[in-house]
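Breakdown of the fold
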Amino acid sequence: GTTNEHVFEQINIQIEKLKAEILNINVKMEELSLKAKEEGFELTYDTISLPKVTGSYQDVINYRETNELARKASYELNKKYETLYREKNSADYKQFENNYIVKDGCTILVQKVENYAVDVLKDVVDKLSASLEKAVIFFANVVNNEKIIFICKTKGVNVHAGNLVKQAAIITGG
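As the structure is a computational prediction, the values presented were derived from the model and not from experiment.

The subject of this paragraph is the overall build of the protein chain. A count of helical and extended segments in the protein chain gives four helices and four strands. The order of α-helices and β-strands along the protein chain, N terminus first, is α-α-β-β-α-β-β-α. A globule of 174 residues ought to have a C-alpha radius of gyration of about 16 Å, yet the protein chain, at 25 Å, is considerably larger. Principal-axis analysis of the C-alpha atoms gives the protein chain an extent of 85 × 35 × 30 Å. Put simply, the protein chain has 174 residues, and 32% of those count as buried. Residue pairs at least 24 apart in sequence account for 59% of intrachain contacts in the protein chain once pairs closer than 6 positions are excluded. On the protein chain, roughly 11400 Å² of surface is accessible, and the fraction owed to carbon and sulfur atoms is 51%.

Structural data, given as structure tokens:
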């Protein structure tokens, strides 16, 4: 008797831990969906349902599988959010085209911006350079008036973007 009771007790402890994690993941996905809605885009997902408890070790297996499904669903939802966020926030990239300088057939852009998310700014740089043959695109992103993050891309020119960033960091004391 007591061994079986102890095993069942351990099974229940495992199930409760997994159940709490699954429910927590559902809450996080709901919060992310609401955050997306506040930011102006829709993020849909399926709530992960808890498996039925039958009173055997199979319950632990079922909960582990469901937990893994929940983790994957949460990961995918986060990726989807990041993609939508970056698309929405880099959509205004064309505003910077007005600041192009063309020299010897090379399009040059040196631009200061403030408080851009780094991933969004990288998307902006990629979108700007996509239609250009020869380009040097350089952004100085001032974050909270505390630090400067440099993002640079060169295309079709004999200039190394990393070296430009290093020089800018030296000049600005970074």
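Note on placement: Thr83 falls in helix α2 (residues 58-90). Thr83 sits 37 residues away from Val120 along the chain, and the two C-alpha atoms are 9.6 Å apart.

As a further point, take unusual backbone geometry. One non-glycine residue, Asn115, adopts positive backbone phi at about 55°. Its place among the elements puts Asn115 in the loop between β2 (106-114) and α3 (118-130). Accessibility expressed as a relative area gives 45% for Asn115, which makes it partly exposed. Unusually for a residue other than glycine, Asn144 sits at a positive phi of about 50°. For Asn144, a relative accessible area of 51% puts it in the exposed group.

As a further point, take the packing of aromatic side chains. The way to describe two aromatic rings as a pair is by their centre distance and the angle between their planes. The final tally for this structure, using the stated rule, is five aromatic pairs. Consider the rings of Phe41 and Tyr81, whose centres lie 5.6 Å apart with planes at 40°: the pair is tilted. Separated by 40 residues along the polypeptide, Phe41 in the loop between α1 (2-38) and α2 and Tyr81 in helix α2 bring together distant segments of the chain. One exposure class covers both Phe41 and Tyr81, and it is buried. With 5.6 Å between their ring centres and 40° between their planes, Phe138 and Phe150 make a pair best called tilted. Here the residue Phe138 occupies a position in strand β3 (residues 135-143), and Phe150 occupies one in strand β4 (residues 147-155), the gap between them amounting to 12 residues. Judged by its relative accessible area of 12%, Phe138 falls in the buried class. Through a chain of ring-to-ring contacts, the aromatic side chains of Phe41, Tyr81 and Tyr85 assemble into a single cluster.

What counts and how
- Every chain begins its residue count from 1, and numbering advances along the sequence as written.
- In view of the model being predicted, local features appear only for residues whose pLDDT reaches at least 70, and side-chain atom pairs are presented and counted only at 80 or more, with totals across whole chains, interfaces and linings using the full set of residues.
- In computing side-chain values, all of the structure's heavy atoms are included and hydrogens and water are not.
- By definition, any uninterrupted DSSP run of H or I lasting at least four residues is a helix, any uninterrupted run of E lasting at least two residues is a strand, and each is numbered from the N terminus.
- Two things to know: the radius of gyration comes from C-alpha atoms, and the globule rule equals 2.2 Å times the number of residues to the power 0.38.
- Exposure is judged per residue with a 1.4 Å probe applied to protein chains only, and the accessible area is read against the type maximum: over 50% gives exposed, under 20% gives buried, and values in between give partly exposed.
- What makes two residues a contact is simply this: any of their non-hydrogen atoms within 4.5 Å.
- Accessibility throughout is a Shrake-Rupley quantity obtained with a 1.4 Å probe, and a residue counts as covered only by protein chains that appear here.
- Aromatic rings from Phe, Tyr and Trp, taking only the six-membered ring of Trp, are treated as a pair when their centres fall within 6.5 Å; an angle between ring planes under 30 degrees marks them as stacked, one over 60 as edge-to-face, and anything in between as tilted.

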